[in-house]
Amino acid sequence: MQRTSFAEMHCSIGQSLERVGEWWTPLIVRDLYLGLHRFDDIAENLGIARNLLTRRLQALVADGIVERRAYQERPPRYEYHLSEAGRELVPVLMALMAWGDKWATPAGGPPVRLVHDSCGTEFTPRVCCSSCGDPVTAETVTALPGPGAAYGPGTKVLARRGGLAPEQPSRAR
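Residues numbered from 1 in each chain as written. Predicted model: local features only at pLDDT ≥ 70, side-chain atom pairs only at ≥ 80, totals over all residues. Heavy atoms only, no water.

**What to know about the overall build of the protein**
No. 1: A tally of regular secondary structure across the protein gives 6 helices and 4 strands.
No. 2: Taken over the C-alpha trace, the protein has a radius of gyration of 20 Å; the compact-globule value for 173 residues is 16 Å, which it surpasses by more than 25%.
No. 3: In terms of overall dimensions, the protein has a C-alpha envelope of 65 × 45 × 30 Å along the principal axes.
No. 4: Here the protein, with 173 residues, has 22% of them falling under the buried criterion.
No. 5: Of all intrachain contacts in the protein linking residues separated by at least 6 positions in sequence, the fraction that spans at least 24 positions is 34%.
No. 6: Just so you have it, the protein exposes about 13,000 Å², and 54% of that area is on carbon and sulfur atoms.
No. 7: The positive charge centre, built from 20 side chains, and the negative charge centre, built from 19, are 7 Å apart in the protein. (Helix = DSSP H or I, 4+ residues; strand = E, 2+ residues; numbered from the N terminus. Rg over C-alpha atoms; globule rule 2.2 N^0.38 Å. Buried < 20%, exposed > 50% of the residue type's maximum accessible area, 1.4 Å probe, protein only. Contact = heavy atoms within 4.5 Å. Areas by Shrake-Rupley, 256 points an atom, 1.4 Å probe, with all protein chains shown as cover. Lys, Arg positive; Asp, Glu negative; His and termini not counted. Charge placed at Lys NZ, Arg CZ, Asp CG, Glu CD.)

The following block contains the structure:
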């Protein structure tokens, strides 16, 4: 099944999904975070076809989310590690995991527990305001047009709310 491309969408979520929205991608990133770095280990853990894993890893490397590192010269063998962008994706996946633990828990309960290294406490990830630290929810946040707001796919309504008019086609004189 061919998925829709969001490459032309003028939206940070659409652009993010263009890079990490394929179904296997979050699971590959999860496995890399959990310490699986070799192709065979990732393929075995996910039960993913090798050709599909090859394509997904190539795309993640091309998008700067994963780094490919040689660990053997003859024959050439590589490990895969999260780049800075990939490591910054991990808290997003933790928030998705917390949602899944609450609303779509697998039989037997959550399969993973998270412990904060600094305080040693098991925790549930949540999104908080970077200014005051309070948790944020759909009810406590207002979305306003940002500096990159434009009247285009993915941001038409927000741009309209911000008073941005659609670009008018130029008229030949």
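**Structural notes on the packing of aromatic side chains**
No. 1: For the structure shown, the criterion picks out 0 aromatic pairs.
No. 2: Across from the ring centre of Tyr78, 3.5 Å away, lies the NZ or CZ of Arg68, which sits over that ring. (Phe/Tyr/Trp six-rings, centres within 6.5 Å; stacked < 30°, edge-to-face > 60°. Lys NZ or Arg CZ within 6 Å of the ring centre and 35° of its normal.)

**Section: a nonpolar patch on the surface**
No. 1: A contiguous nonpolar surface patch, about 420 Å² in accessible area, is contributed by Leu96, Trp99 and Trp103.
No. 2: You can see Trp99 is positioned in helix H5 (residues 84-103). (Patch = residues over 30% accessible without salt bridge, like charges linked within 9 Å, V, L, I, M, F, W, Y side chains within 5 Å. Salt bridge = Lys/Arg side-chain N within 4 Å of Asp/Glu carboxyl O.)

**Some thoughts on the pairing of strand E2 (residues 77-82)**
No. 1: The pairing of strand E1 (residues 66-72) with E2 spans 6 bridges and is classified as antiparallel. Residue pairing across strands places Glu67 opposite His81, the latter belonging to E2.
No. 2: Connecting the antiparallel pair E1 and E2 is a turn made up of 4 residues. (Pairing = 2+ DSSP bridges.)

**Focus on the environment of Thr137**
No. 1: With respect to the helices, strands and loops of the structure, Thr137 is situated in the loop between strand E4 (122-123) and helix H6 (156-161).
No. 2: Residue classification places Thr137 among the partly exposed positions, given a relative accessible area of 37%.
No. 3: The spatial distance from the C-alpha of Thr137 to the C-alpha of Val127 is 8.0 Å, given a sequence separation of 10 residues.

**Observations concerning the packing of helix H3 (residues 39-46) against helix H4 (residues 50-62)**
No. 1: Contact geometry of H3 with H4 gives a least axis separation of 10 Å together with a crossing angle of 120°. In this view, H3 runs oblique relative to H4, as classed from their interaxial angle. Note that H3 runs across H4; the crossing there is right-handed. Each of Phe39, Asp40, Ile42 and Ala43 in H3 lies in contact with H4, whose residues at this interface are Arg50, Leu53, Thr54 and Leu57. (Axes fitted to C-alpha atoms, helices over the stretch in contact; angles between N-to-C directions. Parallel < 35°, antiparallel > 145°, perpendicular 65-115°, else oblique. Left-handed = near helix turned anticlockwise from the far one by under 90°.)

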